[in-house]
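In case you want the letters, here they are:
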Amino acid sequence: MKEYLGENLKMFGYFFNEKLIGFYTLILNNSDIDTYFLGYDKILQKEKQLYLNMLLDIVEFGIDHQFSRIIFGRTALEIKSTIGAEPVEIFGLIKHNNRLLNPYMERIFASLNPKTEWIQRKPFK
């Protein structure tokens, strides 16, 4: 991806005692930032608050470089809302090559994307 996207793909790492304990990547997409791969040491996550710090660092990068939007993934919605992220409804379209399966695709698609219950935080008035 780095070879293809060049400077539009940014990679950041978190180190402790010279060991990589977390990382994330950003795709710079015109005036948007798309968050992409992210990972962290699960043992150190809670102690170092790696995930929260990654989110804050992503927001800082977006502000510092004057991006219009940061597009986070569709997981961990509650913690993202604690830093001000707002949910946006997304939709998908799917069509199978086999016309006999198409009447069932809506149910199959819905089962692949189950509803998640979470509490939206609103840190800003």
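Scroll up a little and you will see the structure.
Residues numbered from 1 in each chain as written. Predicted model: local features only at pLDDT ≥ 70, side-chain atom pairs only at ≥ 80, totals over all residues. Heavy atoms only, no water.

Participant: How would you sum up the pattern of salt bridges? Please name residues and give values.
Facilitator: Note on pairing: side chains with opposite charge can pair once their charged atoms come close. Tallied over the entire structure, the rule returns 6 salt bridges. Here lysine 10 ties to glutamate 7 by a salt bridge, and the two come within 2.9 Å at their closest N and O atoms. On the basis of relative accessibility, which here comes to 22%, the residue lysine 10 falls in the partly exposed class. With relative accessibility at 57%, the residue glutamate 7 sits in the exposed group. Note that glutamate 86 and lysine 122 form a salt bridge whose closest N and O atoms lie 3.8 Å from each other. Here the residue glutamate 86 occupies a position in the loop between α4 (77-81) and α5 (105-112), and lysine 122 occupies one in the segment after α5, the gap between them amounting to 36 residues. Across this residue pair, the class does not change: glutamate 86 and lysine 122 are exposed. (Salt bridge = Lys/Arg side-chain N within 4 Å of Asp/Glu carboxyl O. Buried < 20%, exposed > 50% of the residue type's maximum accessible area, 1.4 Å probe, protein only. Helix = DSSP H or I, 4+ residues; strand = E, 2+ residues; numbered from the N terminus.)

Participant: I'd like a description of the sheet that holds strand β3 (residues 32-40), backed by residues and values.
Facilitator: Taking strand neighbours across the sheet as the criterion, the 4 strands line up as β1-β2-β3-β4 in an open arrangement whose pairing is mixed. The open sheet has two edge strands, β1 (9-16) and β4 (69-71), and neither has a second partner. Taken over all neighbouring pairs, the strand axes of this sheet differ in orientation by 25° on average, direction set aside. In this sheet, β3 lies alongside strand β2 (residues 19-29) in antiparallel orientation, the contact comprising 7 bridges. Across the sheet, leucine 28 pairs through a bridge with isoleucine 33, a residue of β3. (Pairing = 2+ DSSP bridges. Axes fitted to C-alpha atoms, helices over the stretch in contact; angles between N-to-C directions.)

Participant: Go over helix α3 (residues 50-64), please, and point to the residues and values.
Facilitator: The terminal C-alpha atoms of α3, which comprises 15 residues, lie 21 Å apart, in line with the 21 Å expected from a rise of 1.5 Å per residue. By the burial criterion, the buried members of α3 are Leu50, Tyr51, Met54, Leu55, Ile58, Phe61 and Gly62. Buried residues of α3, seen end-on, are gathered within an arc of 140° and therefore sit on one face of the element. Exposed and oriented more than 90 degrees from the buried face of α3 are Ile63 and Asp64. Elements that come into contact with the buried residues of α3 comprise β1, β2, β3, α2 (42-48), β4 and α4. Of the residues one or two after α3, glutamine 66 is the one with positive phi, at around 55°. (Expected span 1.5 Å × (residues − 1). Arc of directions from axis to C-beta. Contact = heavy atoms within 4.5 Å.)

Participant: Tell me about the pairing of β2, residues and numbers included.
Facilitator: Bridge count between β1 and β2: 8 bridges; the pairing is antiparallel. Counterpart to leucine 9 in the pairing with β2 is isoleucine 27. The hairpin turn running from β1 into β2, its antiparallel successor, is 2 residues long, and asparagine 17 in that turn takes a positive phi close to 50°. Remark: 2 residues form the turn of the hairpin made by β2 and β3, two consecutive strands paired antiparallel; asparagine 30 in that turn has positive phi of roughly 60°.

Participant: Please set out unusual backbone geometry residue by residue, giving values where relevant.
Facilitator: At asparagine 17, a residue that is not glycine, the phi angle is positive and equals roughly 50°. You can see asparagine 17 is positioned in the loop between β1 and β2. The class for asparagine 17 is exposed, based on a relative accessible area of 65%.

Participant: Give a detailed account of the nonpolar core, specifying residues and quantitative values.
Facilitator: The biggest cluster of nonpolar side chains holds 17 residues, and the ones touching the most others in it are Tyr14, Tyr24, Leu26, Leu28, Ile33, Phe61 and Phe72. Elements that contribute at least two residues to this core include exactly β2 and α3. Among the elements that line this core, the one with the most residues is α3, at 6 residues. Residue contacts for isoleucine 33: discarding those within four places in its chain leaves Leu26, Ile27, Leu28, Phe61, Gly62, Phe67, Arg69, Ile70 and Ile71. (Core = buried A, V, L, I, M, F, W, Y, C linked by side-chain atoms within 4.5 Å.)

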